[in-house]
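Summary of structural features
Chain by chain, the residues run as shown.
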Amino acid sequence: MELSGGRVVIAMRPDLAPNHVKRIKELTRKGFYDGSAFHRVIRGFMAQVGDPTGTGAGGSGQKLAAEFNRESHRRGTVSMARTSDPNSADSQFFICFDDAPHLNGQYTVWGRVVSGMELVDNIKKGAPGSGSVVDPDKIIRMRVAADVK
């Protein structure tokens, strides 16, 4: 994932969430995440991205069945966003700035930042409470490492 400050490397975890990893790869290969805004960013909690409308209400149009697992939501965890419906994850995901144990077992963890977490830390933060971001930072480009030559 290329941000304005450099590259963030996410190790995907198909052993935890095979269908989510498969979908993230499909969307990434289509360029879906390129230019996507970090529309909801809460200091000390997480940065959310992956909505093509930039509002938090959009997605790719393909819902995924939950693949909840025992992986903890710790600093650097990459997990799927969803509505109150456990099977509503689509394209939006979030990266945890800090440990968030209250999310454990309720959201599908599919990866972990293994390099570039300092760049994630520098993503523009949103308004207190809502996390809504004015003039948000964006993913410049996202690629599957296996595809990069």
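Scroll up for the structure.
Given the structure is predicted, the values throughout are model-derived calculations rather than measurements.

Concerning the sheet that holds strand β3 (residues 9-12)
A sheet is described by the order of its strands in space; here six strands give the open sequence β3-β8-β6-β7-β5-β4, paired in antiparallel fashion. For this open sheet the edge positions go to β3 and β4 (40-42), each flanked by a neighbour on one side alone. The average angle at which neighbouring strand axes cross in this sheet is 25°, direction not considered.

A closer look at the nonpolar core
Core analysis: the largest hydrophobic core is formed by 29 residues, its most contacted members being Met1, Phe38, Phe93, Trp110 and Ile139. Looking at this core, the elements with two or more residues in it are α1 (18-29), β5 (46-49), β6 (77-80), β7 (93-96), β8 (109-115) and α2 (117-121). For Phe93, the contacting residues outside a window of four places in its chain are Ile24, Tyr33, Ala47, Gln48, Val49, Val78, Ser79, Met80, Ala81, Trp110, Ile139 and Met142. Ranked by size, the runner-up nonpolar core spans eight residues in total, among them Ala81, Cys96, Ala100 and Leu103.

Quick look at the pairing of β8
Two faces, one strand: in a regular strand the side chains alternate between the faces of the sheet. Within β8, five of the seven residues are buried, which leaves it mostly tucked inside the rest of the structure. Sheet analysis places β3 next to β8, joined by four bridges and oriented antiparallel. Paired with Ile10 across the bridge in β8 is Val113. Here β6 pairs with β8 via three bridges, running antiparallel. Counterpart to Val78 in the pairing with β8 is Gly111.

The rules we used
Residues numbered from 1 in each chain as written. Predicted model: local features only at pLDDT ≥ 70, side-chain atom pairs only at ≥ 80, totals over all residues. Heavy atoms only, no water. Pairing = 2+ DSSP bridges. Helix = DSSP H or I, 4+ residues; strand = E, 2+ residues; numbered from the N terminus. Axes fitted to C-alpha atoms, helices over the stretch in contact; angles between N-to-C directions. Core = buried A, V, L, I, M, F, W, Y, C linked by side-chain atoms within 4.5 Å. Buried < 20%, exposed > 50% of the residue type's maximum accessible area, 1.4 Å probe, protein only. Contact = heavy atoms within 4.5 Å.

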